[in-house]
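Close look at the chain arrangement
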Amino acid sequence: MQSQNRFFDDLVKMVNGAAGTLAGVGREAEASARERAKEWIGGLDFVSRDEFEAVKAMAAAARDEADALRARLDALEGKAPAAAAASPKRPRKAKD
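In what follows, the accompanying structure is described. (Residues numbered from 1 in each chain as written. Predicted model: local features only at pLDDT ≥ 70, side-chain atom pairs only at ≥ 80, totals over all residues. Heavy atoms only, no water.)

1. Structural notes on the overall build of the chain
As a reminder of what qualifies: Under the scheme used here, helices are H or I runs from DSSP no shorter than 4 residues and strands are E runs no shorter than 2 residues, and both carry numbers assigned from the N terminus. A 1.4 Å probe rolled over the protein chains alone gives each residue an accessible area, and that area as a share of the maximum for its type sets the label: buried under 20%, exposed over 50%, partly exposed in between. With residues, only the protein chains shown are counted as cover, and all accessible areas are computed by Shrake-Rupley using a 1.4 Å probe.
Each helix and strand counted, the chain has two helices and zero strands in total. Relative to its full complement of 96 residues, the chain shows a buried share of 1%. Accessible surface for the chain amounts to roughly 9,400 Å². Of this, 60% is attributable to carbon and sulfur atoms.

2. Details of the pattern of salt bridges
Spelled out, the test is: Salt bridges are counted wherever a side-chain nitrogen of Lys or Arg sits within 4 Å of a carboxyl oxygen of Asp or Glu.
One pass over the full model with this rule turns up three salt bridges. Between R34 and E30 there is a salt bridge whose closest N-O contact spans 2.9 Å. Of the two residues, R34 and E30 are both situated in helix α1 (residues 2–42); the distance of four residues between them amounts to about one turn of the helix. Owing to a relative accessible area of 42%, E30 belongs among the partly exposed residues under this scheme.

3. Some points on a nonpolar patch on the surface
Using the following cut-off: Every patch collects residues that have over 30% relative accessible area and no salt bridge, joining them within 9 Å if they carry like charges and within 5 Å if they are nonpolar side chains (Val, Leu, Ile, Met, Phe, Trp, Tyr).
A cluster of nonpolar side chains, F7, F8, L11, M14 and V15, forms an exposed patch at the surface whose accessible area comes to about 520 Å². Mapped onto the elements, M14 comes out in helix α1.

Below, the structure written as structure tokens:
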């Protein structure tokens, strides 16, 4: 009876050891896969969210500035044609 218990005890110890080893191998494989994925993704020129938000804010500021400059230009052009219309125009010579 005692020998059967020892056999099962040894078997349980062996299975537990194998399970621990397999769990360790699985953790190492997962860590290695994560590291490879980080390296691969890092090489694809992705940007971080912070960088994206900074460039987005810069683009919005540039768009606002361009709209302001366009409005200023339209206002200046609106004044220029009125002044040009008030000055007398010279007739063009007819070409043969």
